[in-house]
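For reference, the chains in residue letters:
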Amino acid sequence: MAVEKGLVHIYTGEGKGKTSASLGLAIRAAGHGMKVLFVQFFKLEGDPSGEKDIIREDIPAIELIRSEVRHPIFTGKDTDIEKVRASVRGLFERASEKMGDDFDLLVLDELMGAVNGGFISVEEVLDLLDARPECLEVVLTGRDAPVELVKRADYVTEMLKIKHPYDGGVKARKGIEY
């Protein structure tokens, strides 16, 4: 059940909810019989994740592909930049190849981190958007969306952080933040 013309969505900003919004859209699409490819950059396959578990166990219409590396912001001086680059590039290339496999919705979660980190260029993302099947809806998430992508998008939503418990020392909680 494809849409006639796929549009481009961006969920960006400092606030919580970018991945959650894209997951909500993916679940809605799957509920209407659409086929979804959900690609998560910098979110490890082996890490605990409520959304990963429920998708894999109960939502076969969503194909979930996760990263092999964390974002360098979380690994600091121990970061192997070449490993990060190879993983991110491999994931992006895999998504590019798979987008022609009759998917109705493609989500590139945390793509902005890959772009802003210099692992994928804005031009490559624009090329992907131009090369996608006409009916493929695409969602891009992550902080600091580059202006070129914002201009290209049909929907742009900025999540604004007003207050967050993490700023007061509260760690991520199972079932709420992951």
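Higher on the page you've got the structure.
Source: prediction; values computed, not measured.

Per the secondary structure count, the protein includes seven helices and six strands. In the protein, the order of α-helices and β-strands from amino to carboxyl end is β-α-β-α-β-α-α-β-α-α-β-α-β. Against the compact-globule benchmark of 16 Å for 178 residues, the protein has a radius of gyration of 16 Å, which places it among compact chains. Structurally, the protein occupies a C-alpha span of about 45 × 35 × 30 Å along its principal axes. Burial status across the protein gives 44% buried among its 178 residues. Summed over all atoms, the accessible surface of the protein reaches about 9,700 Å², with 52% contributed by carbon and sulfur. Of the charged side chains in the protein, 25 are positive and 32 negative, and the gap between their average positions amounts to 6 Å.

Turning to the sheet that holds strand S1 (residues 8–12), a few remarks are in order. With respect to topology, six strands assemble into an open sheet ordered S3-S2-S4-S5-S1-S6, the strand pairing being parallel. Among the strands making up the open sheet, the edge pair consists of strand S3 (62–67) and strand S6 (155–158). Taken over all neighbouring pairs, the strand axes of this sheet differ in orientation by 10° on average, direction set aside. Judged from the four bridges that link them, S1 and strand S5 (residues 137–141) form a sheet pairing that is parallel. For Tyr11, the partnering residue across the bridge sits in S5 and is Thr141.

A few words on the environment of Ser49. Within the secondary structure, Ser49 is located in the loop between strand S2 (36–44) and helix H2 (50–58). By relative accessible area, which is 4% here, Ser49 ends up buried. When the C-alpha positions of Ser49 and Gly90 are compared, they lie 22 Å apart, and in sequence the two are 41 residues distant. Not counting residues within four places of it along the chain, the set of residues in contact with Ser49 comprises Arg66 and Tyr178.

Let us now look at the pairing of S5. Counted residue by residue, S5 has five buried out of five residues, so it is predominantly covered. In S5, alternate side chains face the same way, and those of Glu137, Val139 and Thr141 on one face and Val138 and Leu140 on the other are all buried. The pairing of strand S4 (residues 105–109) with S5 spans four bridges and is classified as parallel. Opposite Val107, over in S5, you have Val139 as the bridge partner.

Here we come to helix H6 (residues 122–131). Burial in H6 covers these residues: Val122, Val125, Leu128 and Leu129. Down the axis, H6 shows its buried residues gathered within 120° of arc, on one side only. Opposite the packed face of H6, turned more than 90 degrees from it, sit the exposed residues Asp127, Asp130 and Ala131. Buried residues along H6 sit against S1, helix H4 (81–98), S4, helix H5 (111–116), S5 and helix H7 (147–152).

We now examine unusual backbone geometry. Of note in the backbone geometry, Asp102 takes a positive phi value of approximately 65° without being a glycine. With respect to the helices and strands, Asp102 occurs in the loop between H4 and S4. Although it is not a glycine, Glu110 adopts a positive phi angle of roughly 70°. Examined against the element boundaries, Glu110 turns out to sit in the loop between S4 and H5. Look at Glu110 and you get partly exposed, because its relative accessible area is 22%.

Criteria and thresholds
Residues numbered from 1 in each chain as written. Predicted model: local features only at pLDDT ≥ 70, side-chain atom pairs only at ≥ 80, totals over all residues. Heavy atoms only, no water. Helix = DSSP H or I, 4+ residues; strand = E, 2+ residues; numbered from the N terminus. Rg over C-alpha atoms; globule rule 2.2 N^0.38 Å. Buried < 20%, exposed > 50% of the residue type's maximum accessible area, 1.4 Å probe, protein only. Areas by Shrake-Rupley, 256 points an atom, 1.4 Å probe, with all protein chains shown as cover. Lys, Arg positive; Asp, Glu negative; His and termini not counted. Charge placed at Lys NZ, Arg CZ, Asp CG, Glu CD. Pairing = 2+ DSSP bridges. Axes fitted to C-alpha atoms, helices over the stretch in contact; angles between N-to-C directions. Contact = heavy atoms within 4.5 Å. Arc of directions from axis to C-beta.

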